Each structure stands twice: as C-alpha cells, then as structure tokens.
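# Structural overview
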Amino acid sequence: MSHISDSIKSLHQSLPQGVELVAVSKFHPVESLREAYDAGQRIFGESRVAEFVEKETLMPADTVWHFIGHIQTNKLKKLIGKVDLYESVDSEHLLTEIDELSARAGIISRVLLEVHVAGEESKFGFLPRDIIDFFTQKRYERLKATHICGLMGMATNTDDPERINADFAQLKRLFEQIKTTTPDLRGFDILSMGMSGDYHLAIANGSTHVRIGTAIFGQRDY
Ligand SMILES: *Cc1c(COP(=O)(O)O)cnc(C)c1O
C-alpha cells in the first residue's frame with residue numbers, strides 16, 4: 001500500500017466518532033487525491049481557486065470539496081455551486097458576496113466563519129469580539145442564501161503545546177458561547193480546527209473537523 005492510502009485508512013480508524021477528516025490536498029497532483037479517494041476519503045480541502053477548479057473536473061462526482069484558503073471576491077464566481085463548505089470566510093464582505101452570488105445562482109451555500117485567535121499578525125479571520133458582535137446583533141439574519149454551519153480556526157504556529165491548547169480552548173469557548181447566546185441559530189455544529197501537527201490537541205478541545213495535509217500527502221512543493 002502507498003503512504004497515502006495507509007495514512008487515510010489509519011486516520012479513518014483512529015479518529016474518534018464524530019470527527020470528520022478533511023484531506024488537505026492543496027499543491028498535490030490529482031493522482032494523489034485519487035489514491036486517497038480509493039482508500040475511502042471523500043472530503044478534500046483546497047486553498048487556491050485555479051487549482052481547485054481544475055481538480056474538481058477530474059475527480060468523481062461524489063467528491064466533497066471544502067475551500068480552506070483566502071478568497072479574493074473577484075474569483076468567487078468560479079467557486080459558486082462547486083464548493084460544499086467554505087471553511088475560510090474571513091470577512092463580512094466575503095460573506096455578503098457569497099450570499100449574493102448564491103442567491104443569484106438559486107443555491108444555498110454552506111460556510112464556516114474563520115476566527116483569528118493565533119498570535120501571528122498575518123492570519124486572516126474575524127477577531128473574537130467581532131464574531132461575538134456579529135451573532136449578538138443577529139447580522140446573519142440578512143443572509144438570503146447562506147447557511148453558517150460553524151467556525152474554523154488555526155492555533156498559533158509554535159512548538160509550545162500549552163499555547164496551542166489555549167488557542168483551541170478559546171475557539172471552543174467562542175463556539176459554545178455563540179450557540180448559547182443564539183439558540184435560534186440552526187445547524188451551527190461544525191468546529192473545524194486541527195492540522196497535521198496539532199490535531200490531537202484540537203480533538204481534545206472539541207474539534208469536529210480536522211484538516212490534515214502533510215501527514216497524508218507528504219511535504220508540499222510550493
Ligand atoms: C494547508 C492547510 C492545512 C493543512 O496543514 P498540514 O499541516 O499540511 O496538515 C489545514 N488548514 C488550512 C487552513 C491550511 O491552509
């Protein structure tokens with residue numbers, strides 16, 4: 001067996017019930033995605049629009065696509081109707097654009113809001129206080145064709161497990177706070193956190209979706 005199908009199978013066996021595996025296949029050739037698919041993987045995460053559009057046409061129709069990268073709104077048209085879950089909605093402007101284009105296309109799009117809790121300046125996402133405001137002010141009520149399914153986040157890029165743990169715990173607290181303060185929100189049940197290096201800690205903190213690339217497909221050639 002290849003490394004890819006080995007890793008997929010052992011992840012499927014070892015992830016706790018209720019934790020979904022998103023195989024992050026960005027920068028890897030479609031042959032690698034097929035190997036993962038043949039080993040039983042269905043959810044794939046991509047982060048670049050042109051790369052996704054090409055791979056999407058080459059994979060079986062029941063492949064489930066999560067978009068996990070920053071999206072420029074001028075490229076959004078190419079994704080509408082093809083992405084099953086936008087995990088990286090990092091601004092209200094992008095959310096509005098997804099909603100407008102989805103309404104025009106006559107479809108409902110599913111999204112996660114990306115929250116910035118990590119220490120790095122460069123990461124995208126809503127700040128914790130802004131995400132709380134968004135929900136307490138019920139700003140989601142103006143959406144016509146978008147379903148907010150939960151939150152996505154990343155921990156600080158560090159070797160310090162306590163810092164990583166604290167970041168995941170904060171994401172989990174925000175997720176629970178939104179659920180309690182906004183009980184009329186339906187189907188808000190996805191908390192996507194955890195990557196190759198930190199998914200065990202993410203799961204311990206209540207992650208429902210882990211996004212794993214390197215541990216399945218190996219290093220990426222950027
Ligand atoms: C690339 C990427 C991952 C996967 O990271 P690995 O360390 O390769 O597992 C997960 N989430 C996001 C948002 C990414 O961009």
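Scroll up for the structure.
Just so it is clear, the model here is predicted, and its values are computed rather than measured. Throughout this description, residue numbers start from 1 for each chain and increase along the sequence as written. In keeping with the predicted nature of the model, local features appear solely for residues at pLDDT of at least 70, side-chain atom pairs appear and are counted solely at 80 or more, and the whole-chain, interface and lining totals rest on all residues. Remark: hydrogens and water are excluded; side-chain values derive from all non-hydrogen atoms of the structure.

## Describing the overall build of the protein chain
Operational definition: Secondary structure counts use DSSP, requiring at least four H or I residues in a row for a helix and at least two E residues in a row for a strand, with both numbered from the N terminus. Put simply, the radius of gyration uses C-alpha atoms, and a globule should come to 2.2 Å times the residue count raised to 0.38. When checking whether two residues touch, look at their non-hydrogen atoms; a contact exists if any pair is within 4.5 Å.
For the protein chain, the count of helices and strands is eight helices and eight strands. The C-alpha atoms of the protein chain give a radius of gyration of 17 Å, which matches the 17 Å a tight globule of 222 residues would have. Considering only C-alpha atoms, the protein chain reaches an extent of 50 × 45 × 30 Å along its principal axes. Counting only contacts in the protein chain whose residues sit at least 6 apart along the sequence, the fraction spanning at least 24 positions is 58%.

## Here we look at the nonpolar core
Generally speaking, nonpolar side chains in soluble globular proteins are found buried as a group. Going by this rule: Throughout, nonpolar core names a set of buried Ala, Val, Leu, Ile, Met, Phe, Trp, Tyr and Cys residues whose side chains join them through atoms within 4.5 Å. Using a 1.4 Å probe on the protein chains alone, a residue whose accessible area is under 20% of its type maximum counts as buried, one over 50% counts as exposed, and one in between counts as partly exposed.
Counting residues in each nonpolar core, the largest one holds 60 residues, and the members touching the most others are Tyr 86, Leu 113, Ile 131, Phe 135, Ile 148 and Leu 151. It is helix α6 (residues 161–181) that contributes the most residues to this core, six residues altogether. The contact partners of Tyr 86, leaving out residues within four places of it in the chain, are Phe 67, Ile 71, Leu 76, Leu 79, Ile 80, Gly 81, Ile 98, Ser 109, Arg 110, Val 111 and Leu 112. Ranked by size, the runner-up nonpolar core spans five residues in total, among them Leu 85, Cys 149, Met 152 and Ile 190.

## Remarks on the site of the ligand
Keep this limit in mind: Nearness of a residue to a molecule or strand requires only that one of the residue's heavy atoms be within 4 Å of it. Side-chain atoms alone can form a polar contact between residues adjacent in sequence; in general such a contact is a pair of N or O atoms within 3.5 Å, and within protein one must be able to donate a hydrogen while the other accepts it. The method behind every accessible area is Shrake-Rupley, applied with a 1.4 Å probe, and residues are considered shielded solely by the protein chains displayed. Here the nonpolar group is Ala, Val, Leu, Ile, Met, Phe, Trp, Tyr, Cys and Pro; Asp, Glu, Lys and Arg are the charged ones; every other residue, Gly included, is treated as polar.
Val 24, Lys 26, Ile 68, Met 154, Met 195, Ser 196, Arg 211, Ile 212, Gly 213, Thr 214 and Arg 220 make up every residue found near the ligand. With respect to the ligand, the side chain of Lys 26 contributes an N or O atom lying 2.7 Å from an oxygen atom. Between Thr 214 and the ligand, the recorded distance is 2.5 Å, taken from a side-chain N or O atom to an oxygen atom. Out of a free accessible area of 390 Å², the ligand has 88% covered by protein chains. Residues that form the shell around the ligand fall into these classes: five nonpolar, three polar and three charged.

## Topic: helix α2 (residues 30–38)
What counts is decided by this rule: Comment: arc refers to directions from the helix axis out to C-beta atoms.
Among all positions in α2, only Val 30, Ser 32, Leu 33, Ala 36 and Tyr 37 are buried. What you see down the axis of α2 is that its buried residues fit within an arc of 155 degrees, all on one side. In this fold, the buried residues of α2 make contact with α1 (3–14), β2 (43–46), α3 (49–58), β3 (64–67) and α8 (214–217). The positive-phi residue at the C-terminal boundary of α2 is Gly 40, with phi of around 110 degrees.

## Digging into the packing of aromatic side chains
What describes a pair of aromatic rings is the distance from one ring centre to the other and the angle between the planes of the rings. We count it as follows: A pair of aromatic rings is counted whenever rings of Phe, Tyr or Trp (Trp by its six-membered ring) have centres within 6.5 Å, and the orientation is called stacked for planes under 30 degrees apart, edge-to-face for over 60 and tilted otherwise.
One pass over the structure, following the stated rule, counts eight aromatic pairs. An angle of 85 degrees between the planes, with centres 6.2 Å apart, marks the rings of Phe 52 and Phe 67 as edge-to-face. Taken together, the residues Phe 52 in helix α3 and Phe 67 in strand β3 connect sequence positions 15 residues apart. A residue is classified by how much of its surface remains accessible, and Phe 67, at 0% relative accessible area, is buried. On the basis of an interplanar angle of 85 degrees and a centroid distance of 5.1 Å, the ring pair of Phe 134 and Phe 135 is categorised as edge-to-face.

## Focus on the side chain of Thr 146
Structurally, the position occupied by Thr 146 is in strand β6 (residues 146–153). Here the side chain of Thr 146 touches Asp 99 through a polar contact of 2.7 Å, side chain to side chain. Each residue touching Thr 146, except ones within four places of it in the same chain, is listed here: Leu 95, Ile 98, Asp 99, Ser 109 and Val 111.

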